[in-house]
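Below, each chain spelled out in residue letters.
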Amino acid sequence: MTREFVVLPNADVTAAAAADRLLTVGQEAIDRHGAFHFALTGGYTPRAVCPLLVVPPRVNQLDWTKVEFFFGDERAVPSRHPESNYNTARLALLDYLPRVQPGQVHRMLGEATDLDAAARAYEAIIRRTLDDDTEPPRFDLIWLGMGADGHTASLFPGTEALAETERLAVANWVPSMDAWRLTLTFPILNAAREVNFVVVGSDKAAAVASVRSGSEVPSARIDAERTTWFLDHAAAGEPE
């Protein structure tokens, strides 16, 4: 297990580094087993990084027909809702990639009336698609962000999902948001071959410092085979 903090000059350079790392990991995965199993995040990352992936030269540097797209979490809203992580990814990335078919995109059903059933169904899709001999199955790359409170995916401080040790996806009640969320859990997040955090802005500096000091905020519990934090100077709490 390796954890690396990469501090870059500004938000634009940070986003570019994350985009280039995705292309490298994706090609390695396709070379290794013929597909790239990738989980998107919500928040800043897709809005900043995805636009860099849909234009030349980057858009031509990966065979997008071999990518299986998943999501780390989702709000309890319909798929075209402005707050939907799927909708954000669709508008920033999925609608612009060449030859991506609907069957390659595996969204969480945030509009489901039974979110627990939706989470169990999503776990089944992960297991069926990754078709991995390992337990839990392993994503090639998972993108994650972090909130100022140290949460990642929809694993918020003080919520029940933090204690989950067996299920790969759960419905999680978040009192601070007064809302339900669907989220992947630590077992599947930490099983990934690689996790990339993309965190920018001075409002995240205290949470980043907590992670680097070994605090037990949820983001600090991510410990994949390789975990890379792409930070700008402000998030790292460093002068430019």
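Being a predicted model, the structure only gives us computed values, none of them experimental.

Participant: I would appreciate a short explanation of the pairing of strand β2 (residues 36-40) in the present structure.
Facilitator: Within a regular strand, the side chains alternate between the two sheet faces. β2 sits mainly inside the fold: five of its five residues count as buried. Neither face of β2 is open: one carries Phe36, Phe38 and Leu40, the other His37 and Ala39, and all of them are buried. Where β2 and strand β3 (residues 67-71) come together, five bridges link them in parallel fashion. In the sheet register, phenylalanine 36 faces β3, and the bridge partner there is valine 67. Note on the crossover from β2 through helix α2 (residues 44-53) to β3: the handedness is right-handed. Where β2 and strand β5 (residues 141-144) come together, two bridges link them in parallel fashion. From the neighbouring strand, phenylalanine 38 faces β5, where its bridge partner is leucine 141.

Participant: Is there a simple way to explain the sheet that holds β3 in this structure?
Facilitator: Strand pairs in the sheet, formed through backbone hydrogen bonds, run parallel or antiparallel to each other. The strand order across the open sheet built from six strands is β1-β9-β8-β5-β2-β3, with neighbouring strands paired in parallel fashion. Each of the sheet's edge strands pairs with one partner strand only, and the pair in question is β1 (2-8) and β3. For this sheet, the mean angle separating the axes of adjacent strands, direction not counted, is 20°. In the packing of helix α1 (residues 11-33) onto the sheet, contacts are made with β1, β2, β5, β8 (195-199) and β9 (226-232), and the angle to β9 comes to roughly 160°.

Participant: Explain the pattern of salt bridges here, please?
Facilitator: Where side chains of opposite charge bring their charged atoms close, a pairing between them can arise. For the coordinates displayed, the defined rule picks out 12 salt bridges. Across the pair aspartate 140 and arginine 32 runs a salt bridge whose closest N-O atoms are separated by 3.0 Å. Taken together, the positions of aspartate 140 in the loop between α4 (115-130) and β5 and arginine 32 in helix α1 put the pair 108 residues apart, joining distant regions of the chain. In the salt-bridge network here, residues are joined through shared partners; they are Arg21, Glu194 and Arg226.

Participant: Explain the sheet that holds strand β6 (residues 169-174) to me, please; I cannot follow it from the model alone.
Facilitator: The antiparallel open sheet is built from three strands, whose spatial order is β4-β7-β6. Each edge of the open sheet is held by one strand with a lone partner, namely β4 (73-75) and β6. Each strand of the sheet is rotated relative to its neighbour by a mean of 25°, with strand direction disregarded. Bridging between β6 and strand β7 (residues 179-184) involves six bridges; their strand directions are antiparallel. Pairing of valine 174 across the sheet is with alanine 179, part of β7.

Participant: How should I be thinking about the environment of proline 218 in this particular structure?
Facilitator: Structurally, proline 218 is set in the loop between α6 (205-212) and β9. Each C-alpha atom, one on proline 218 and one on histidine 81, is 27 Å from the other, the two residues being 137 residues apart in sequence. Beyond its immediate stretch of four places on either side in the chain, proline 218 contacts Gly150, His151, Thr152, Leu155, Phe156, Pro157, Leu162 and Phe186.

Participant: Could you clarify how one ought to interpret the packing of α1 against α2 in this entry?
Facilitator: α2 packs onto α1 with a crossing angle of 65° between their chain directions and a minimal axis gap of 9 Å. Between α1 and α2, the angle is such that the two are roughly perpendicular. Two packed elements cross with a definite hand, and for α1 against α2 that hand is right-handed. Judged by residue contacts, Ala11, Ala15, Ala16, Ala18, Ala19, Leu22 and Leu23 of α1 engage Tyr44, Ala48, Val49, Leu52 and Leu53 from α2.

About the criteria used
- Residues numbered from 1 in each chain as written.
- Predicted model: local features only at pLDDT ≥ 70, side-chain atom pairs only at ≥ 80, totals over all residues.
- Heavy atoms only, no water.
- Buried < 20%, exposed > 50% of the residue type's maximum accessible area, 1.4 Å probe, protein only.
- Helix = DSSP H or I, 4+ residues; strand = E, 2+ residues; numbered from the N terminus.
- Pairing = 2+ DSSP bridges.
- Right-handed = clockwise from strand over helix to strand, strands pointing away.
- Axes fitted to C-alpha atoms, helices over the stretch in contact; angles between N-to-C directions.
- Contact = heavy atoms within 4.5 Å.
- Salt bridge = Lys/Arg side-chain N within 4 Å of Asp/Glu carboxyl O.
- Parallel < 35°, antiparallel > 145°, perpendicular 65-115°, else oblique.
- Left-handed = near helix turned anticlockwise from the far one by under 90°.

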